[in-house]
Amino acid sequence: NNDYGLGFYCTEHKELACEWAVGLGCDGHVNKYILDTNELNILDLGDNKNFTALHWLCVLMKNRKFKINQNITKQIRDYIFDKFSIPLEGVDVIRGWRADDRYFAYAKAFLAGALSYKMLMKAMILGELGDQVVLKTEQAFEKISFVEEEVVPATIWYEKKDYRSKHAEKEYKTLLERESDINDITILDIVRAKMSPDALRVQEEEFRRAIRGINKKLQQSDRAKAVNIGEQALFDAAQAVNNRQSA
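Residues numbered from 1 in each chain as written. Predicted model: local features only at pLDDT ≥ 70, side-chain atom pairs only at ≥ 80, totals over all residues. Heavy atoms only, no water.

Turning our eyes to something else, we now look at the pattern of salt bridges. Taken as a whole and judged by the stated rule, the model has 7 salt bridges. Across the pair glutamate 150 and lysine 14 runs a salt bridge whose closest N-O atoms are separated by 2.8 Å. Residue glutamate 150 is found in strand E6 (residues 144–152), and its partner lysine 14 is found in helix H1 (residues 14–21); the two are separated by 136 residues along the sequence. Here arginine 201 makes a salt bridge to aspartate 198, at a shortest N to O gap of 2.2 Å. Taken together, the residues arginine 201 and aspartate 198, both in helix H9 (residues 197–246) and 3 residues apart, mark about one turn of the helix. What makes arginine 201 buried here is its relative accessible area of 18%. (Salt bridge = Lys/Arg side-chain N within 4 Å of Asp/Glu carboxyl O. Helix = DSSP H or I, 4+ residues; strand = E, 2+ residues; numbered from the N terminus. Buried < 20%, exposed > 50% of the residue type's maximum accessible area, 1.4 Å probe, protein only.)

Laid out in structure tokens, this is it:
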């Protein structure tokens, strides 16, 4: 019932590793490794030029048990497996979204028709929980080197872990309560139209483009604020010099 099947699961985000390692009143251990990726066949599910969220979901459906109120119909399952299956033979390392409780809830809600594809994309692209890296083959295991071990105290990290979980649950409920645009497509729309991966990539790219536009405006706004602050600082400095000279 692992996201990407059997393998050695890692993360590049130390804070997440610390949270995963601890339990209530139970300290944990975090190990640091270095992976030599030379000559390894790496599948990056986050490569939006070649894959979509449904490619990730397809891998997830083949490895995890889905229990939702509305059963996933055979047509939906067959469509996803037919159009979005990725051959994993010969893949040494898989990198992709980490299906924690929040991401898994998004996936189930989408398959049940409760979440549009756009909202799923928003959850995936703007998510805070990062990627996971999974070593799948002996070749990959031979390329990993142990660096150090660190004991992480539950008194610090369990509280953060608990906060992240509760915040994720609140965020999920808020996402479901938001009204979707009438033009947003659902899994049923995708299956009925027999949309191809290329067609979905267009949908995702439009959303990513919109996100980039918003980020650009925010950056420009921050730069404008910085310029204003800089100009004010120069004015204050000049004023201080003038005051000293007058004195």
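Let's shift gears to the sheet that holds strand E3 (residues 42–44). Taking strand neighbours across the sheet as the criterion, the 4 strands line up as E1-E5-E4-E3 in an open arrangement whose pairing is mixed. Each edge of the open sheet carries a strand with a single partner, namely strand E1 (8–10) and E3. Taken pair by pair, the neighbouring strands of this sheet meet at an average axis angle of 20 degrees, ignoring direction. Relative to strand E5 (residues 131–135), E1 is paired through 3 bridges, and the arrangement is antiparallel. Looking across to E5, one finds that cysteine 10 is bridged to valine 133. (Pairing = 2+ DSSP bridges. Axes fitted to C-alpha atoms, helices over the stretch in contact; angles between N-to-C directions.)

Attention now moves to the layout of surface pockets. Taken as a whole, the largest pocket encloses approximately 750 Å³ of empty space. The wall of the largest pocket is formed by 27 residues, among which Cys10, Thr11, Glu12, Asn31 and Tyr33 lie closest to the centre. Every element with two or more residues in the lining of the largest pocket is listed here: E1, H1, strand E2 (28–35), E3, strand E4 (93–97), E5 and E6. (1 Å grid on protein atoms, 1.4 Å probe; cavity = no way out; pocket = protein on both sides within 12 Å on 5 of 7 lines; lining within 4 Å. Points joined across faces, edges and corners; volume = space filled by probe spheres on them.)

Looking now at the packing of aromatic side chains. The final tally for this structure, using the stated rule, is 5 aromatic pairs. Taking 5.6 Å as the distance between ring centres and 90 degrees as the angle between the ring planes, the aromatic pair formed by phenylalanine 8 and tyrosine 33 counts as edge-to-face. One end of the pair, phenylalanine 8, is in strand E1; the other, tyrosine 33, is in strand E2, with 25 residues separating them in the sequence. For phenylalanine 8, a relative accessible area of 32% translates into the label partly exposed. On the accessibility criterion, tyrosine 33 (32% relative accessible area) is partly exposed. Taken together, a centroid distance of 5.8 Å and an interplanar angle of 70 degrees make the contact between tyrosine 79 and phenylalanine 84 edge-to-face. Judged by its relative accessible area of 0%, phenylalanine 84 is buried. Chaining the aromatic ring pairs together yields one cluster made of Phe8, Tyr33 and Phe146. Lying over the aromatic face of phenylalanine 81, lysine 62 brings its terminal NZ or CZ to 5.3 Å of the ring centre. (Phe/Tyr/Trp six-rings, centres within 6.5 Å; stacked < 30°, edge-to-face > 60°. Lys NZ or Arg CZ within 6 Å of the ring centre and 35° of its normal.)

Read these as layout, nothing more, since geometry by itself doesn't imply function.
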